[in-house]
Structures are given as structure tokens and as C-alpha cells.
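# Architecture at a glance
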Amino acid sequence: MKRSGEMKRELAGNDSTPLYAGVKQVILDRIHSGEWPPKYRVPSENELVVELGVSKMTANRALRELASEGELVRIQGVGSFVAERKGYSALFEVRNIAEEIAERGHAHEATVIVLAQETASPEIADALELEIGAPVFHSLIVHSENGVPVQIEDRFVHPEAAPEYLDQDFATLTPNAYLTAAAPLSGSEHVVEAAMPQAWECKLLTILKTEPCLTIRRRTWSAKQVVSTARLVYPGYRYRLEARSGKLFEE
């Protein structure tokens, strides 16, 4: 942690801005310089009061705004931590389906159909940037919401990115959650298509062959390495994409 005198001098250098904004900038400088890496515990409100000579209200506002801006994660009773960098596409955030379902107040259930090591087909080898026939990890999982299947997750994983992938219990832990911890996300790619389901997909999703599906093909990276390629299949009438941009109302 930076010494009190050094942090005070940085804050003094921002005397043309409100105090809370100066505190925010001091914290951001530490984060962006790499001195405070992801998951690093930043000074508490009380520590900032002592180190920077500001009020508790000022320190609280700075930490609160940084959390709302996604720079910090605040855990009640524990502290504030530097947030992990997350990858986004223009429309999609790579999210954990179990968390999405929980946010709606519903129950998530996962049924593991396949979890094995296989050889990479030409298509999978190309997606994972491996040689054809190289070993890859394959998982096929059906995610349900309140007992109703809402997603088939057909995923292939680069073994070097997550060597312990096959040892996980994906009935209780989603691949997304595990891979985010094992190989933190730095980038993602999405391709969205409308498609009619294959017979085996109809069976897993309990839908008719005439019911269209939404398919998302997703690749994720950690640093410069491809971590996984996944094909996510949703029954069209059970799922929709949403995005918002711009200012929706005047303050």
C-alpha cells in the first residue's frame, strides 16, 4: 500500500477538482499503473480518512462511485477490491447462466451429458488454434431454469488453458465460473444465428423439431491464448437478447 505522505501529495496535486474526485483519481492511478492488481484490497474508508486527511463521507463517495463504475468490487463487511478486467463484445457480456437465472429469482440446474477428452476435429482445432487431432476437453451440458431446459452448452476447451477442467463437478459449478477463475477472461467473440434444432437437441431441450432456436457461437481468450469455443443453443421462445445504449432519461 502507498505510504500516507505519498498519497496525500497525489491528492494535493488535484486541488482543482472536488475532494472525492481527487480520491478517486489517486485510487485509479494505483490501479491503472498496475501497482494495485485485480483482487487487491484497497484502503478502507477509515484508512483513506487517515491517509488522505479527507472526511469519511468523501472517502465513501469515492469508493461508492468507483464500484458503480466497475473499477472496484465492494463486499459488505470485508472491504473493497480491484475489479477483474472483463471482456465485452458490442452486444454481449460473457455471463454465468447460473447467476442470470438466480437474478430472476429462479432455480438453476445443470445436467452433464458429456465430460471427456477427445481429439480435435478440423473445425475445433481451427477455433482453438491447435493441430487437427490434438487432445481437447469436451463438455456438453443442459442448463435448466425452474426445471425447464433453456440452454445447451456444447463447449471445447484448450487443455493448456485449464488442465483440471475434466476434474470439475459441473452439476454444481458452471464452466463459465470455473474458466473465469482458471483463465481470467481478456477477450471474447460472438456469432449469433437462427437455426432449426437437430433431433438430439430437440430431445435435450424438450422441444419440437419445428421450433426455431437461437444459436450463439462464442470463443474466449485469456491473454493471447484461446481458452474455449462454445456453441450455445436456446429455444427461441424461451430466450431473447437485450441491449441498451445511450441516456434513457434526464436527471
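About the cut-offs
- Residues numbered from 1 in each chain as written.
- Predicted model: local features only at pLDDT ≥ 70, side-chain atom pairs only at ≥ 80, totals over all residues.
- Heavy atoms only, no water.
- UniProt positions renumbered as here; feature names shortened; annotations may be inferred.
- Helix = DSSP H or I, 4+ residues; strand = E, 2+ residues; numbered from the N terminus.
- Buried < 20%, exposed > 50% of the residue type's maximum accessible area, 1.4 Å probe, protein only.
- Contact = heavy atoms within 4.5 Å.
- Areas by Shrake-Rupley, 256 points an atom, 1.4 Å probe, with all protein chains shown as cover.
- Expected span 1.5 Å × (residues − 1).
- Arc of directions from axis to C-beta.
- Phe/Tyr/Trp six-rings, centres within 6.5 Å; stacked < 30°, edge-to-face > 60°.
- Patch = residues over 30% accessible without salt bridge, like charges linked within 9 Å, V, L, I, M, F, W, Y side chains within 5 Å.
- Salt bridge = Lys/Arg side-chain N within 4 Å of Asp/Glu carboxyl O.
- Core = buried A, V, L, I, M, F, W, Y, C linked by side-chain atoms within 4.5 Å.

The name an unreviewed UniProt entry gives the protein chain is Histidine utilization repressor, with Rhizobium pisi as the organism. As its UniProt record puts it under Function (unreviewed entry), the protein chain is described as follows: "Repressor which binds to the hutP region in the histidine utilization (hut) operon. It blocks the expression of all the hut genes in the absence of inducer."

Across its full length, the protein chain carries eight helices and eight strands. Residues classed as buried in the protein chain amount to 42% of the 251 residues present. A fraction of 57% describes how many contacts in the protein chain between residues 6 or more apart in sequence connect residues 24 or more apart. Accessible surface, the protein chain as shown: approximately 14,100 Å² in total, 52% of it carbon and sulfur.

This next bit is on helix α4 (residues 56–68). The α-helix advances 3.6 residues per turn, and as a result positions three or four apart in sequence lie on the same side. Compared with an ideal rise of 1.5 Å per residue, which puts 13 residues at 18 Å, α4 spans 18 Å between its outermost C-alpha atoms and is within 8% of the ideal. Taken as a whole, α4 has its buried residues at Thr58, Ala59, Ala62, Leu63, Glu65 and Leu66. Down the axis of α4, the sector holding all buried residues measures 165°, keeping them to one side. Structural note: α4 exposes Met57 and Ser68 on the side pointing more than 90 degrees away from its buried face. Once α4 finishes, Gly70 follows within two positions and takes phi at roughly 85°, a positive value.

The next point concerns the side chain of Thr220. Along the chain, Thr220 falls in strand β7 (residues 213–222). On the basis of relative accessibility, which here comes to 9%, the residue Thr220 falls in the buried class. The residues contacting Thr220, other than those within four sequence positions of it, are Leu185, Gly187, Ser188, Gln225, Val226, Val227 and Ser228.

A word on the packing of aromatic side chains. Taken as a whole, this structure holds five aromatic pairs when the rule is applied. Each ring, one from Trp36 and one from Tyr40, has its centre 5.4 Å from the other, and the planes form 15°; the classification is stacked. For Trp36, a relative accessible area of 1% gives the class buried. A relative accessible area of 22% places Tyr40 in the partly exposed class.

Taken together, the side chains of Val73, Ile75 and Val78 present a nonpolar region at the surface, about 240 Å² in accessible area. Inspection of the secondary structure puts Ile75 in strand β1 (residues 72–75). A relative accessible area of 42% means that Ile75 is categorised as partly exposed.

The next thing to look at is the nonpolar core. The biggest cluster of nonpolar side chains holds 15 residues, and the ones touching the most others in it are Val23, Ile27 and Leu48. For this core, the elements supplying multiple residues, two or more each, are α2 (19–32), α3 (45–52) and α4.

Let us now look at the pattern of salt bridges. In total, this model carries ten salt bridges according to the counting rule given. Two residues, Arg41 and Glu47, come together in a salt bridge whose shortest N-O distance is 3.4 Å. With relative accessibility at 33%, the residue Arg41 sits in the partly exposed group. The class for Glu47 is partly exposed, based on a relative accessible area of 27%. The partner of Glu123 in a salt bridge is Arg217, with the nearest N and O atoms 3.9 Å apart. Of this pair, Glu123 sits in helix α6 (residues 122–128) while Arg217 is found in strand β7, placing the two residues 94 residues apart along the sequence. We classify Glu123 as exposed; its relative accessible area is 55%. You can call Arg217 partly exposed: its relative accessible area is 35%. When salt bridges that share partners are traced, they join Lys24, Arg61 and Glu65 into one network.

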